[in-house]
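Listed below are the residues making up each chain.
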Amino acid sequence: MMFDRRVLLRAAVGGVAGSWLGAAGPARAGRPNGASRRTIYVVGDSTAASYAVAEVPRAGWGQALPAFLHPKTVVVNEAVSASSSMSFAEVGRLDRILAVIQPGDVLLISFGHADESENPTRHTEPWTTFQEYLCRYVVGARAARALPVLVTPVERRRFASDGTAFLSHGEYPDAMRALAAATGTPLIDLTALSFALWDAVGPEVTKDYFLWLDAGESPKFPDGVSDDTHFQARGAIEVARLVVSAGRMLPGRDCRALLDPEISEDLLVWLPTRPGPDPL
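Calculation rules
Residues numbered from 1 in each chain as written. Predicted model: local features only at pLDDT ≥ 70, side-chain atom pairs only at ≥ 80, totals over all residues. Heavy atoms only, no water. Helix = DSSP H or I, 4+ residues; strand = E, 2+ residues; numbered from the N terminus. Expected span 1.5 Å × (residues − 1). Buried < 20%, exposed > 50% of the residue type's maximum accessible area, 1.4 Å probe, protein only. Arc of directions from axis to C-beta. Axes fitted to C-alpha atoms, helices over the stretch in contact; angles between N-to-C directions. Parallel < 35°, antiparallel > 145°, perpendicular 65-115°, else oblique. Left-handed = near helix turned anticlockwise from the far one by under 90°. Contact = heavy atoms within 4.5 Å. Phe/Tyr/Trp six-rings, centres within 6.5 Å; stacked < 30°, edge-to-face > 60°. Lys NZ or Arg CZ within 6 Å of the ring centre and 35° of its normal. Polar contact = N/O pair within 3.5 Å; in protein donor to acceptor, adjacent residues only side chain to side chain.

Visitor: How would you sum up helix H6 (residues 172–183)? Please name residues and give values.
Guide: For H6, spanning 12 residues, the distance from its first C-alpha to its last is 17 Å, which sits close to the expected 16 Å at 1.5 Å a residue. Residues of H6 that are buried: Tyr172, Pro173, Ala175, Met176, Leu179 and Ala180. One side of H6 carries all its buried residues, which in axial view fall inside an arc of 160°. What points out from H6, more than 90 degrees from its buried face, is the exposed set Ala181 and Ala182.

Structural data, given as structure tokens:
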């Protein structure tokens, strides 16, 4: 897939889809001039993050959420590459969100990829520290009278030799499902939903969703790339469709867009720059 001037122009202009709080701290992001509309905050890792103009076509599902929401719905995507449930909280990112989130807002909580890392500054254990850190997000959102929603980690592109998909996240999705049930927290089972989609479309079609590009196809990846974890625009859009379709608790859902199989990649917004991984 080649990238035309419309995509790059849209990237340069920017917009609501690329909103994030930034290092400056708690400026109220969601309700300018006292407006009453609800804001959706996204916390998570590189699979959900918003990307910069220089990184086109790489995109995250949080970046694509506005394609399935009515225009007045605000999305503040705070997902950051390489973040685990622990590292995101320990560097103060969670506290910054809790300082500005308002009653009625929604906090989408999606971790797991980096929690599986062996890096001790990111690693958590599914049935102990992973659940303990996730509880911080749930309790913090509820204390602010916002709605926490747990989102199991999106599946990677993993296929056996016979072309059938297989799961890659071990016990982390089950640990999040169990926590959701124990605490009465709404759950979007993105692991199951994405796994079913990848298995249905197969190993070749999923290359159009994940960051698989031939040499010369994108100036960002002149030698090509074969990435089975991160998405290009089409994949980010389809994963966002899964999130909003299952997320009946989300404000501003655009049912017409959810039924449209040809959502344009031009709707995505790329940031001028984006935050790097947590400095741990």
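Visitor: Pulling in residues and values, what's your account of the packing of helix H7 (residues 190–205) against helix H8 (residues 233–246)?
Guide: Between H7 and H8, whose axes approach to 10 Å, the crossing angle comes to 130°. Considering their axes alone, H7 and H8 lie oblique with respect to each other. Crossing hand, H7 versus H8: right-handed. Contacts from Leu190, Leu193, Ser194, Leu197 and Trp198 in H7 reach Glu238, Val239, Leu242, Val243 and Ala246 in H8.

Visitor: Tell me about the packing of aromatic side chains, and name the residues and values.
Guide: Overall, the coordinates contain 8 aromatic pairs when judged by the stated rule. When the ring of Phe111 is compared with that of Tyr137, the centres are 5.3 Å apart and the planes differ by 50°; the resulting orientation is tilted. Of this pair, Phe111 sits in the loop between strand S4 (106–110) and helix H5 (126–143) while Tyr137 sits in helix H5, placing them 26 residues apart in sequence. Just as Phe111 is buried, Tyr137 falls in that class too. Aromatic rings pair up to connect Trp198, Tyr209, Phe210 and Phe231 into one cluster. Above the plane of the ring of Trp212 lies Arg157, whose end atom (NZ or CZ) is 4.7 Å from the centre.

Visitor: How would you explain the environment of Thr129 if you had to name every residue and give the values?
Guide: Positionally, Thr129 belongs in helix H5. Note on Thr129: relative accessible area 26%, which makes it partly exposed. A polar atom in the side chain of Thr129 sits 2.7 Å from the backbone nitrogen of Glu125.

Visitor: Got a sec to walk through unusual backbone geometry? Specific residues and values, please.
Guide: A cis geometry characterises the amide bond from Val56 onward to Pro57, with omega recorded as 15°. Along the chain, Pro57 turns up in the loop between strand S1 (39–44) and strand S2 (58–59). At Ala82, a residue that is not glycine, the phi angle is positive and equals roughly 70°. Mapped onto the elements of the fold, Ala82 is located in the loop between strand S3 (74–77) and helix H3 (85–90).

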